[in-house]
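A closer look at the structure
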Amino acid sequence: FGSSRHRCRRRRHSAGDGPSPGGATAAAACSMDAGSNKLVLTRRVELHVQACYDLWLRYVWIAGGGVFPCPPSVVQQGDPTTGVGNIKAVPGMVREEILRAERGKFVEYHIKSGPFPVSYHRGLVEFVADGTCATTVTWTCSYTPLCCCGLVVEGLISWTLGAYLSNLASRALESTGNME
């Protein structure tokens, strides 16, 4: 995952832990506490907060963040600025939908349908300015795996979100010409 300055920080929470420190609203905090498991990943991205949000929406959400060989397909277009209402189909016929968002601040989404082995899955991606030209991105996932699927679901979510954040940080460096 690169140097320690850009490394993903992972925290595993139990269902009763409070919201992440990025300033999530009370409604988001409640929905993030509904799952039996919570995973939090954090990454510093070398872009201004609004540019980071735009890159995340375009590169990670819509284009798939370079994680899987087949990028997602947009099933329903959402708001072009925030992504609210966007529904995408990811590999495995899973559909994810952006429920709420504020450009440069946060995106809240859920698994709308599909065969992913969870009874509940909600994600919150928060963008917090870290100086003038960098952003701390915190990705929180609250989920309840189906019986006997906990380790597989945790591993898949952790690996996927970690790869998204790592690739986002790399893409940001490429876009600004600051290759390390």
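Our subject is the structure that appears above.
One structure accompanies this document, and this report is about it. Everything quoted here is computed from the prediction, not taken from an experiment. (Residues numbered from 1 in each chain as written. Predicted model: local features only at pLDDT ≥ 70, side-chain atom pairs only at ≥ 80, totals over all residues. Heavy atoms only, no water.)

**Quick notes on the overall build of the chain**
Convention followed: Strands are runs of DSSP state E lasting at least two residues, helices are runs of H or I lasting at least four, and both sets are numbered from the N terminus onward. A simple rule labels every residue: compare its accessible area, found with a 1.4 Å probe on the protein chains alone, to the largest value its type can have, and call it buried under 20%, exposed over 50%, or partly exposed in between. Should any heavy atoms of two residues lie within 4.5 Å, those residues are considered in contact.
Summing up its helical and strand segments, the chain has three helices and eight strands in all. Secondary structure elements in the chain, listed N-terminal to C-terminal, are β-α-β-α-β-β-β-β-β-β-α. Across the 180 residues in the chain, those meeting the buried criterion constitute 49%. Considering only residue pairs separated by 6 or more positions, the chain has 57% of its internal contacts joining residues 24 or more positions apart.

**Points about a nonpolar patch on the surface**
For clarity, the cut-off: Patch criteria: residues need more than 30% relative accessible area and no salt bridge. Like-charged residues are merged within 9 Å; nonpolar side chains of Val, Leu, Ile, Met, Phe, Trp and Tyr are merged within 5 Å. All accessible-area figures derive from a Shrake-Rupley calculation using a 1.4 Å probe, and residue coverage is judged against the displayed protein chains alone. What counts as a salt bridge is simple: a side-chain nitrogen of Lys or Arg found within 4 Å of a carboxyl oxygen of Asp or Glu.
A cluster of nonpolar residues, Phe68, Leu156 and Trp159, forms a patch on the protein surface that exposes about 290 Å² of accessible area. Counting through the fold element by element, Phe68 comes out in the loop between helix H2 (49–62) and strand E3 (73–76).

**Re the state of the cysteines**
Put simply, the rule is: Defined by distance alone, a disulfide is two cysteine sulfur atoms within 2.5 Å.
All chains considered together, the criterion is met by zero disulfides. Cys148 forms no disulfide, and the closest cysteine sulfur to it belongs to Cys147, at a distance of 3.6 Å. Note on Cys148: relative accessible area 77%, which makes it exposed.

**Some remarks on the nonpolar core**
Note the threshold: Working definition of a nonpolar core: buried Ala, Val, Leu, Ile, Met, Phe, Trp, Tyr and Cys residues. They are joined through side-chain atoms within 4.5 Å.
With 38 residues, the main nonpolar core has Trp56, Phe127 and Trp139 as its most contacted residues. Of all the secondary structure elements, the ones that give two or more residues to this core are strand E2 (37–45), H2, strand E5 (94–102), strand E6 (106–113), strand E7 (118–129), strand E8 (135–145) and helix H3 (150–176). The residues touching Trp139, leaving out its near neighbours within four places in the chain, are Leu39, Val40, Leu41, Trp56, Val60, Tyr109, Leu124, Val125, Leu161, Tyr164 and Leu165.

**Here we look at the packing of H2 against H3**
Applied cut-off: Comment: axis = line fitted to C-alpha atoms, over the contacting stretch for helices; angle = value between 0 and 180 degrees taken between N-to-C directions. Here roughly perpendicular refers to angles of 65 to 115 degrees, roughly parallel to angles under 35, roughly antiparallel to angles over 145, and oblique to all remaining angles. If you view the pair so one helix is near and one far, a crossing is left-handed when the near helix is turned anticlockwise from the far one by less than a right angle, and right-handed when it is turned clockwise. Gly falls in the polar group here, along with every residue not listed as nonpolar (Ala, Val, Leu, Ile, Met, Phe, Trp, Tyr, Cys, Pro) or charged (Asp, Glu, Lys, Arg).
Between H2 and H3, the least distance of the axes is 10 Å, while the angle of their chain directions is 120°. Between H2 and H3, the angle is such that the two are oblique. Relative to H3, H2 is oriented so that their crossing is right-handed. Each of Cys52, Leu55, Trp56, Tyr59 and Val60 in H2 lies in contact with H3, whose residues at this interface are Tyr164, Asn167, Leu168, Arg171 and Ala172. When grouped by side-chain class, the residues that make up the contact of H2 with H3 number eight nonpolar, one polar and one charged.

**Focus on the environment of Pro80**
Mapped onto the elements of the fold, Pro80 is located in the loop between E3 and strand E4 (87–90). In this structure the C-alpha to C-alpha distance between Pro80 and Asp54, which are 26 residues apart in sequence, comes to 10.0 Å.

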